[in-house]
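What follows is the residue order along each chain.
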Amino acid sequence: MTSKKVLVAVAWPYAQGPLHLGHIAGAYLPPDIYARYRRAKGDDVLMVSGSDVHGTPITVKADELGVSPADIVGKYHPEFLTYWDDLDIEFDLFTTTGTDTHRRVVQDFFLKLLDNGYLYTDTSEQFYDEKEGRFLPDRYVEGTCPNCEYPHARGDQCDNCGKTLDPIDLIDPRSKFSGTRPVLRETEHYYWKLSEFNEPLLEWLNSREGWRPHVLNFAIGMVTEGLHDRAFTRDLEWGVPLPVDDLGPGKSIYVWWEAVMGYLSAPQEWAEAQGTPDAWKAWWEDPDAESYYFVGKDNIPFHAIYWPALLMGHGGLNLPTDVPANQYVTFGGKKASKSMGVGRPLSWYLDRFETDGLRYAIAQNLPETNDTDLDDDEIARRINEELVATWGNLVNRVVSMTGRYFDGVVQQHGDLAPEDEAALARAAATVVDTGALLDDVKLRGGVARAMQGAQEANAYLSDMAPWTVAKTDLPRAGTILWVASQMIVSAAVSLWPYMPTTSEAVLEAFGVSTADGVAWRAPTVAAGTTLGELPPLFSKVELDDEDS
RNA sequence: GGCGGCGUAGCUCAGUCGGUAAGAGCGCUCGACUCAUAAUCGAGAGGUCGGCAGUUCAAGUCUGCCCGCCGCUACCA
């Protein structure tokens, strides 16, 4: 098997507020699991993301707090970095859209689209807040709904009757910023000929294989309805400025088009930092390179439609291999989101659960095909019933018996019984089967299959009863424990993408070095190995009543 | 309103191209075992697959309608 270049592209969070467990489950843990697997397989993985510093919500929040957008970013970007550290999520680079490299890449991209004939200028009328001196996004115009006369309708939609609105139709419009009545003012913008990509996009989407059905169906449905040209620029100071000056000052590239270009700029920033400025091309220009975009389902349009269309317009760059978008994690049926304020801060979970335990519980409940419910009791149950009892206890009992009967030294196995051969075959199958599921980005199925390996080892021990055999035939007990050890290290490898810390501890204790990384194959525990010190892998979790 | 998705055992969820008597984990009941963090192993009970109608030799799996929940609806992300 040859090594592949794999770009693991992770959704860029707004540096606007703390992240919740829903974000981790939806977009941040899955790519880490997948990237670890591909690395273990021997592939050359580049995992990048960063903070989106230009979103409108950031400027709004900054206005509300009376600080600069940079202050908001300065608070949350470092906070994100601590999340990754706490959760063992390893990026090759987690940057921001505020870097010089990003600006350069975005501006070059703009010029390329312009050069290829996909951008043109046009004028339109937009609401303008004269007091604030700024144009207003639809959402920041309020007024009376022309449909139901609800007095606090937003420019994009009325919360009362649910009707989609155009801000121009609002009765008695007012600016959400200043409360004054906005005026219509002509503004000139660059527009993107998105409509020209309907057919190529449809053709491309229809030829995708192995994508999650909900992702493909949604994208195809949207393109089939027909995409229209869209403005490429905005009347905003906070953003990446245009590389041309024919529109005058005060214009930025629309944050969404600019943010997805981070997938292109971050690898370049990474390459520059490595001292090999052209290294990024191996992931972007080599047609054999793969790219996986890990996002929540709300981001499907941007990663399965708009970004591919931008890449088509640019030319010479790889389109996404897959966009394994996740559904939502709900808490007691309620979506976790910053805006709704549902769900607790990550620190709450980190204070109560070990990292690997939390990673495991989330992985077992990943919303890959449906919205999935996850609560504290479920996390605790996963840890107590599955990690402590099934996996941790398995390791513990084998280490304990090896210590008791053989002073902790793994024995040279004698003749293998059919049951032993079968057990060893199952150990190998655990690694192979888990890998097959991970190849399909079925992370939830993968972790369940890996844990099955631990259950099989428990069943093998139960059948062989080495504690009984040891009384009459010590060498035979040594063989049984060796076989069980093989099953343990195979399970440890299979679980490594999910729980790197504890898996590495197990492998090291059984004499399998992880200094050069973990290799995706069933390792061999050598006879004569003295099992290392290994405290219990996991501790039982007890949630206080007040926690629930 | 439009588009899309979901509704499968007490709980959380799987169910590829429609096809042998509907699955997993947990929980529950019973049994076995005692090396192990009272952990483990085995067996069993438990579902008219949201409702109604239709297509088909055959539907959880396709079609229509209804009920409930959710997302998107484009310059909001």
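Up top is the structure these notes are about.
Here the residue index of a chain counts from 1 through its sequence in written order. Note on labels: chains are lettered from A, ligands numbered from 1, in written order. With pLDDT at 70 or above as the cut-off, local features in this predicted model cover only qualifying residues; side-chain atom pairs require 80 or more to be listed or tallied, and sums for whole chains, interfaces and linings still use all residues. Excluded from the side-chain calculations are hydrogens and water; all other atoms, namely the structure's heavy atoms, are used.

A. Up close: the sheet that holds strand β4 (residues 119-129). Two strands pair if DSSP finds at least two bridges between them. Secondary structure elements are defined from DSSP: runs of H or I of at least 4 residues count as helices, runs of E of at least 2 residues count as strands, and each element is numbered from the N terminus. An order of β5-β4-β9-β10 is seen for the four strands of this open sheet, with the pairing classed as antiparallel. Where the open sheet ends on each side, the last strands, each with one partner, are β5 (134-135) and β10 (230-231). The sheet contact formed by β4 and β5 spans two bridges and is antiparallel. When the sheet's bridge partners are listed, D129 is paired in β5 with R134.

B. Summary view of unusual backbone geometry. One non-glycine residue with positive phi stands out, namely D172, at about 55°. Inspection of the secondary structure assignment puts D172 in strand β8 (residues 171-175). A positive phi angle, near 55°, is found at D407, a position not held by glycine.

C. Structural context of the pattern of salt bridges. Salt bridges are defined as contacts in which a side-chain nitrogen from Lys or Arg sits within 4 Å of a carboxyl oxygen from Asp or Glu. Tallying each qualifying case throughout the model produces 20 salt bridges. The residue K4 makes a salt bridge to E290 at a minimum N-O spacing of 3.6 Å. Taken together, the residues K4 in the segment before β1 (5-10) and E290 in strand β13 (residues 290-294) connect sequence positions 286 residues apart. Exposure categories follow from relative accessible area, calculated using a 1.4 Å probe and restricted to protein chains: below 20% of the type maximum is buried, above 50% is exposed, and the middle band is partly exposed. The class for E290 is buried, based on a relative accessible area of 14%. Of the charged contacts in the structure, one is a salt bridge between D92 and R39, with a shortest N-O distance of 2.6 Å. On the criterion of sequence distance, the pair formed by D92 in the loop between α3 (69-86) and β3 (93-96) and R39 in helix α1 (residues 21-40) is long-range, its members being 53 residues apart. R39 gets classed as partly exposed once you look at its relative accessible area, which sits at 31%.

D. Quick peek at the protein's contact with RNA strand B. Of all residues adjacent to RNA strand B, which total 49 residues, the nearest are Y14, P137, R234, T369 and D373. What you see for RNA strand B is that sugar and phosphate hold 73% of its atoms within 4 Å of the protein. Contact between RNA strand B and F538: a base nitrogen at 2.7 Å from a main-chain N or O atom of the residue. At 3.1 Å from a phosphate oxygen of RNA strand B is found a side-chain nitrogen or oxygen belonging to K540. For the surface near RNA strand B, the elements supplying multiple residues, two or more each, are α2 (56-65), α6 (213-225), β10, α7 (255-260), α10 (300-314), β16 (372-373), α13 (376-406) and α15 (443-464). Ranked by the residues each element gives to the surface near RNA strand B, the list is headed by α13, at 12 residues. For the surface near RNA strand B, a count of residues per class yields 18 nonpolar, 16 polar and 15 charged. One heavy atom suffices: a residue is near a molecule or strand as soon as one of its heavy atoms comes within 4 Å of it. Pairs of N or O atoms within 3.5 Å make up the polar contacts considered here, provided that, within protein, one atom can donate a hydrogen while the other can accept it, and that residues adjacent in sequence are counted only when both atoms are side-chain atoms. Nonpolar residues are Ala, Val, Leu, Ile, Met, Phe, Trp, Tyr, Cys and Pro. Charged residues are Asp, Glu, Lys and Arg, and all others, Gly as well, are polar.

Spatial relationships are all this shows, so hold off on functional conclusions.
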